[in-house]
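Descriptive analysis of the structure
These are the residues of each chain, in order.
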2 protein chains.
Amino acid sequence: MLVRVKSRYRPVAMTAAEAMDGRVRRRERNAALLYDAAAELLATRSLDEISVEEICRRAGVGRATFFRIFETKEGLLREFNRRLTADAAARIDAAGDIDLRAALGHVRDAIIEAWGHAGPGHASMALTYAYHAPERIHDPHPELYALVRQRIERAMASGEIPGVVPASLAASLAVINLTAPVAWTLSHRADELDELSGVLLDQWYAGMISTPKPDRRRNGPRP
Amino acid sequence: MLVRVKSRYRPVAMTAAEAMDGRVRRRERNAALLYDAAAELLATRSLDEISVEEICRRAGVGRATFFRIFETKEGLLREFNRRLTADAAARIDAAGDIDLRAALGHVRDAIIEAWGHAGPGHASMALTYAYHAPERIHDPHPELYALVRQRIERAMASGEIPGVVPASLAASLAVINLTAPVAWTLSHRADELDELSGVLLDQWYAGMISTPKPDRRRNGPRP
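Going along each chain's sequence as written, the residues are numbered from 1 onward. Chains and ligands are labelled by the order in which they are written, letters from A for the one and numbers from 1 for the other. Side-chain atom pairs in this predicted model are given and counted only at pLDDT of 80 or more, local residue features only at pLDDT of at least 70, and totals for whole chains, interfaces and linings cover all residues. Processing note: side-chain calculations cover all non-hydrogen atoms of the structure and skip hydrogens and water entirely.

By the naming in an unreviewed UniProt entry, chain A goes by DNA-binding transcriptional regulator, AcrR family and is assigned to Parafrankia irregularis.

In structure tokens form, the structure reads like this:
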């Protein structure tokens, strides 16, 4: 299993149209069959090495159904993340009245739980698809990324900021914090780039220089 | 001008091969001519409305040269960012011995300076190309993004975190902080997802709850 959580497709609320209702249930069942079959295959092989036909054969479901539900092989990753999120939401609900840090801690637990049980195939699925994005995101500005990374390495060397996060990752997040306000103000036609980018830089820096808390572990007990 | 900084192509160090040297200089000059021509056109129209032919005609440079230098029309954005970074590096150099926060403050100034002078064409260039990435980045996990955003909106409403950053933007950055360690540990074949994701979440949260500093303005005087 990719994620240890049962499929949680909520039945669509429909008063009449029972035929439609049956179709939704069939779709749910087929999605679960296909996803589980893919998950079993991904435990040992990469997504590239697995054909849609093979997934369908194992699931006993037709090829057309696969494409109707997932669109592409990569749609399986969306399903992986949908289940992961259902798991996170269930953890948060079970915890009751908690603050944001605790809630996001449960999201983190769900992420670790899902990826901790992921086979090499899942890793390659993520790497060849969506999780490349954080690296590709700096393709349009390689010099900017290099400049920021160089300064961060220097600050880690001098002790200005703790070196608890790899410099390449810290630089990526810093550049995202610096450029995100540009994207946001452009796409929202807002006129607050100056203020927003100042706030985000301050927040990023305040986080970087905050004392690491080695005792701040996962919310729940380890599995 | 997109960025108020002169082109800073460093001449490649070459002892012999003067013919090659001439080619590099021609390339520099052509790149500057093409970029400036594009920048003038982009001041009033979007990149979609401008043809490569039109840019080349204005610059007095051949079409093949354009594609050799920029590969695609979108290569102009890379050049925009290269100049922006040269500006940032010059500001940092001029400031001498400064810490990371100050250095990144200069990067921020360069970004604001470049985008503050950008015409509608530049905005559309960025929006139709690279700066969509921060939004597309959540396409594989829309439910995860929705869950985090919902919790952040609640935390802003209750006052747990200050509402100085738009919730959609804060949620995007939170999800990036939560998922970046997955991408990093996968691509580096490292075994520190648990620790790294805890540190990054703590840093993100420490930043979010840090007191906003409305007086922390741009490093330099406004232009």
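After that view, the rundown keeps rolling.
1. With respect to helix 3 (residues 63-70) of chain B
All names here are of chain B. Put simply, the test is: Buried, partly exposed and exposed residues are distinguished by accessible area as a fraction of the type maximum, computed with a 1.4 Å probe on protein chains only: under 20%, between the cut-offs, and over 50%, respectively. Each helix is a run of H or I in the DSSP string that is no shorter than four residues. Each strand is a run of E no shorter than two, and both are numbered from the N terminus. Directions pointing from the helix axis toward each C-beta atom define the arc.
Restricting attention to buried positions, one finds in helix 3 the residues Thr65, Phe66, Ile69 and Phe70. The buried residues of helix 3 occupy an angular sector of 105° when projected down its axis, which confines them to one face. Exposed and facing more than 90 degrees away from the buried side of helix 3 are Ala64 and Arg68. Of the residues flanking the end of helix 3, it is Glu71, one or two places downstream, whose phi is positive at about 70°.

2. Overview of the UniProt feature "DNA-binding region" (unreviewed entry) in chain A
The test is simple: UniProt positions are given in the numbering used here, feature names are shortened, and annotations may be inferred rather than shown by experiment.
Residues annotated in UniProt with the feature "DNA-binding region" (unreviewed entry) correspond here to residues 51-70 of chain A. Helix makes up 80% of residues 51-70 of chain A and strand makes up 0%, while its end C-alpha atoms are separated by 14 Å.

3. Section: the relation of the copies chain A and chain B
Test applied: For this overlay, a least-squares fit was computed on C-alpha atoms, restricted to residues scoring pLDDT of at least 70 in both copies. Throughout, a contact is declared for two residues whenever any of their heavy atoms are within 4.5 Å.
Least-squares fitting of chain A to chain B yields an RMSD of 0.0 Å, with the transformation described by 0.0 Å of translation along the axis and a rotation of 180°. Overall, the copies show the geometry of a two-fold rotation axis. Residues of chain A ranked by C-alpha distance from the rotation axis are headed by Gly207(A), positioned 2.1 Å from it. Counting the interface residues of chain A, we find that 100% of their copies in chain B are interface residues as well, pointing to one common contact surface.

4. Regarding the interface of chain A and chain B
To keep things clear, this is the line we draw: By definition, the buried area sums, over both parts, the 1.4 Å-probe accessible area that each loses when the two are put together. Basic side-chain nitrogens of Lys or Arg form a salt bridge, by our definition, when they fall within 4 Å of a carboxyl oxygen of Asp or Glu. Amino acids are sorted into nonpolar (Ala, Val, Leu, Ile, Met, Phe, Trp, Tyr, Cys and Pro), charged (Asp, Glu, Lys and Arg) and polar (every other residue, Gly among them).
On the chain B side, the residues contacting the 82 residues of chain A number 82 residues. For the pair chain A and chain B, the summed buried surface comes to about 7400 Å²; carbon and sulfur atoms form 71% of the total. Interface area lost by chain A to chain B is led by Leu100(A), Arg151(A) and Asp194(A), which between them contribute 9%. Linking chain A with chain B are 6 salt bridges, by the criterion used here. Here Glu143(A) and Arg78(B) are joined by a salt bridge, their closest N and O atoms 3.1 Å apart. Take the side of chain A that touches chain B: its biggest share by element is 16 residues, from helix 10 (residues 193-209) of chain A. Classifying every residue of the side of chain A that touches chain B gives 50 nonpolar, 14 polar and 18 charged.

5. Things to note about the packing of helix 5 (residues 100-116) of chain A against helix 10 (residues 193-209) of chain B
Counted only if it meets this: To get an axis, fit a line to the C-alpha atoms, keeping to the stretch in contact for a helix; angles then go from 0 to 180 degrees between the N-to-C directions. Roughly parallel here means an angle under 35 degrees, roughly antiparallel means over 145, roughly perpendicular means 65 to 115, and every remaining angle is called oblique. Put simply, a crossing is left-handed when the front helix is turned counterclockwise from the back one by less than a right angle, and right-handed when it is turned clockwise.
The N-to-C vectors of helix 5 of chain A and helix 10 of chain B enclose an angle of 155°; their axes lie 11 Å apart at closest approach. Considered as vectors, helix 5 of chain A and helix 10 of chain B are oriented roughly antiparallel to each other. Crossing of helix 5 of chain A over helix 10 of chain B shows right-handed handedness. Contacts between helix 5 of chain A and helix 10 of chain B involve Leu100(A), Arg101(A), Leu104(A), Gly105(A), Arg108(A), Ile112(A) and Trp115(A) from the former and Leu193(B), Asp194(B), Ser197(B), Gly198(B), Leu201(B), Asp202(B), Trp204(B) and Tyr205(B) from the latter. Classifying every residue of the contact of helix 5 of chain A with helix 10 of chain B gives 8 nonpolar, 3 polar and 4 charged.

6. Examining the nonpolar core
Spelled out, the test is: What is meant by a nonpolar core is a set of buried Ala, Val, Leu, Ile, Met, Phe, Trp, Tyr and Cys residues, joined one to another through side-chain atoms within 4.5 Å.
Of all hydrophobic cores here, the largest spans 126 residues; its most connected members are Ile152(A), Trp204(A), Ile152(B) and Trp204(B). Sequence-distant contacts of Trp204(B), that is, excluding residues within four places in its chain, are made with Leu100(A), Leu104(A), Ile152(B), Ala170(B), Leu173(B), Ala174(B) and Asn177(B).

7. Describing the environment of Gln150(B)
All names here are of chain B. Mapped onto the fold, Gln150 is located in helix 8 (residues 142-158). Classification of Gln150 as partly exposed rests on a relative accessible area of 40%. Linking Gln150 and Ala171, residues 21 residues apart in sequence, is a C-alpha distance of 8.4 Å.

8. As for helix 9 (residues 167-187) of chain A
Which entries qualify depends on this criterion: Residue count minus one, scaled by 1.5 Å, sets the expected span of a helix.
If you check helix 9 of chain A, its first and last C-alpha atoms are 30 Å apart, about what 21 residues at 1.5 Å a residue would give, namely 30 Å. Most of helix 9 of chain A is tucked away: 20 of the 21 residues are buried.

9. Observations concerning unusual backbone geometry
All names here are of chain A. In this structure, Glu71 is a non-glycine residue whose phi angle is positive, near 70°. Relative to the assigned elements, Glu71 resides in the loop between helix 3 (63-70) and helix 4 (75-95). Accessibility expressed as a relative area gives 63% for Glu71, which makes it exposed.

10. Remarks on the side chain of Asn30(B)
Among the structural elements, Asn30(B) can be located in helix 1 (residues 18-42). Asn30(B) has contacts with Val61(B), Thr65(B) and Ile69(B), leaving out every residue within four places of it along the chain.

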